[in-house]
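# A look at the structure
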Amino acid sequence: MTTMIRIVIAEDDPQIAEIQRRFIERIEGFEVIGIAHGIDEARDLIEVLTPELVLLDNQFPTGTGLELLRELRANGCNTDVILVTAATEVDTLRQAMHSGIFDYILKPLVFERLQASLQKFRGHLERFSDIDSLLQSDVDGLLQASTDDTSLQGSVTKVSNRLPKGIDGLTLDKIRAVFCTQATLLNAEEVGQQIGASRTTARRYLEYMVSTDELSAEVSYGSVGRPERRYQLC
């Protein structure tokens, strides 16, 4: 039986936090045990629930995720942290690495990137659990796995560069927010109106999200019998 890895999400934007929660729901072996929208709430959840992993935003109204991380480390907290941030400055990455982050993911969050990071994290825990006492080869293997992992390469390159041509990460996040706040099936025209885009543009993004299993689509027939595709979160 797979051991569940418990995660706390610390993200001040409720819609983005909900997107992260839904992403994690799709990845086997991980569960969200708490969501915090502020620094103080995040600190309390981490101290009380002692999760194995925290998805931590950097910018909060009352401070930064890095400040919280340094505080946790100073108090002996060993919970691993993946920083999920819009900060593309190299200095922010360096500070995060010095504070002992496990990974650094740029917003807008892409499901495949998060999935790869969480799978890497599970492998990291399993490698440690298989070792009773260290040999130099064990140390070399653990450190090599951390430094060579391709998920950290290009971490200060915008995530949008990894998306297909014609697909922008910010627009994807707008569409995700639409579906997070509405449980009904929506067509391309309705989505386009809500994000300020044409039906054709919305349809392109919706079909991309179907191809990545974020959305499902079904055909319905209007009053005049014309078929249309309507979309909902998977």
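Residues numbered from 1 in each chain as written. Predicted model: local features only at pLDDT ≥ 70, side-chain atom pairs only at ≥ 80, totals over all residues. Heavy atoms only, no water.

The name given to the protein in an unreviewed UniProt entry is Transcriptional regulatory protein, with Photobacterium rosenbergii as the source organism. You can read under Subcellular location (unreviewed entry) in the UniProt record for the protein the words "Cytoplasm". (UniProt positions renumbered as here; feature names shortened; annotations may be inferred.)

### Focus: the overall build of the protein
Along its length, the protein carries nine helices and 10 strands. A burial count over the protein gives 44% of its 234 residues as buried. Expressed as a percentage of contacts within the protein between residues at least 6 apart in sequence, the contacts between residues at least 24 apart total 60%. Accessible surface computed for the protein: about 12400 Å², of which carbon and sulfur atoms make up 50%. (Helix = DSSP H or I, 4+ residues; strand = E, 2+ residues; numbered from the N terminus. Buried < 20%, exposed > 50% of the residue type's maximum accessible area, 1.4 Å probe, protein only. Contact = heavy atoms within 4.5 Å. Areas by Shrake-Rupley, 256 points an atom, 1.4 Å probe, with all protein chains shown as cover.)

### A look at the packing of aromatic side chains
A full pass over the atoms with the stated rule returns two aromatic pairs. Relative to phenylalanine 111, the ring of phenylalanine 23 has its centre 5.4 Å away and its plane inclined at 75°; by these criteria the two rings are edge-to-face. With phenylalanine 23 in helix α1 (residues 14–25) and phenylalanine 111 in helix α5 (residues 111–129), this pair connects stretches of sequence that are 88 residues apart. Note on phenylalanine 111: relative accessible area 6%, which makes it buried. Considering the side-chain rings of phenylalanine 102 and phenylalanine 121, the 5.1 Å spacing of their centres and the 80° angle between planes classify their relative orientation as edge-to-face. On the criterion of sequence distance, the pair formed by phenylalanine 102 in the loop between α4 (90–98) and β7 (103–106) and phenylalanine 121 in helix α5 is long-range, its members being 19 residues apart. Here phenylalanine 102 matches phenylalanine 121 in class, with each residue buried. Between the NZ or CZ atom of arginine 26 and the centre of the ring of phenylalanine 111, over which it lies, the distance is 3.9 Å. (Phe/Tyr/Trp six-rings, centres within 6.5 Å; stacked < 30°, edge-to-face > 60°. Lys NZ or Arg CZ within 6 Å of the ring centre and 35° of its normal.)

### Describing α4
Among the residues of α4, those classed as buried are Thr92, Leu93 and Ala96. Within α4, the buried residues cover an arc of 100° as seen down the axis, which keeps them to one side. Looking at α4, the residues exposed on the side facing more than 90 degrees away from the buried face are Met97 and His98. For α4, the elements touching its buried residues are α3 (65–74), β6 (80–85) and β7. The first or second residue beyond α4 is glycine 100, which carries a positive phi of 85°. (Arc of directions from axis to C-beta.)

### Section: the confidence of the model for the protein
On average, residues of the protein score 85 in pLDDT, and 82% of them are at 70 or above. Contacts for the low-pLDDT stretch residues 149–161, under 50 throughout, to residues beyond four places or in other chains number 28 contacts. (pLDDT = per-residue confidence, 0-100.)

### A look at the side chain of aspartate 103
Relative to the helices and strands, aspartate 103 resides in strand β7. A relative accessible area of 0% places aspartate 103 in the buried class. A distance of 3.0 Å separates a polar atom in the side chain of aspartate 103 from a polar atom in the side chain of arginine 113. (Polar contact = N/O pair within 3.5 Å; in protein donor to acceptor, adjacent residues only side chain to side chain.)

### Thoughts on the packing of α1 against helix α7 (residues 169–181)
Look at α1 against α7: their axes get within 9 Å of each other, and the N-to-C directions meet at 85°. One finds that α1 runs roughly perpendicular with respect to α7. The segment α1 lies against α7, with Gln15, Glu18, Ile19, Arg22 and Phe23 engaging Asp173, Arg176, Ala177, Phe179, Cys180 and Thr181. Across the contact of α1 with α7, the residue classes break down as five nonpolar, two polar and four charged. (Axes fitted to C-alpha atoms, helices over the stretch in contact; angles between N-to-C directions. Parallel < 35°, antiparallel > 145°, perpendicular 65-115°, else oblique. Nonpolar A, V, L, I, M, F, W, Y, C, P; charged D, E, K, R; others polar.)

### Focus on the UniProt feature "modified residue: 4-aspartylphosphate" (unreviewed entry) in the protein
The positions that UniProt labels "modified residue: 4-aspartylphosphate" (unreviewed entry) are, in the present scheme, Asp57. Take aspartate 57: it is sitting in the loop between β3 (53–56) and β4 (59–60). Judged by relative accessible area, aspartate 57 falls into the buried class, the value being 5%. Apart from the residues lying within four places of it in its own chain, the contact partners of aspartate 57 are Ala10, Glu11, Asp12, Gly65, Leu83, Val84, Thr85 and Lys107.

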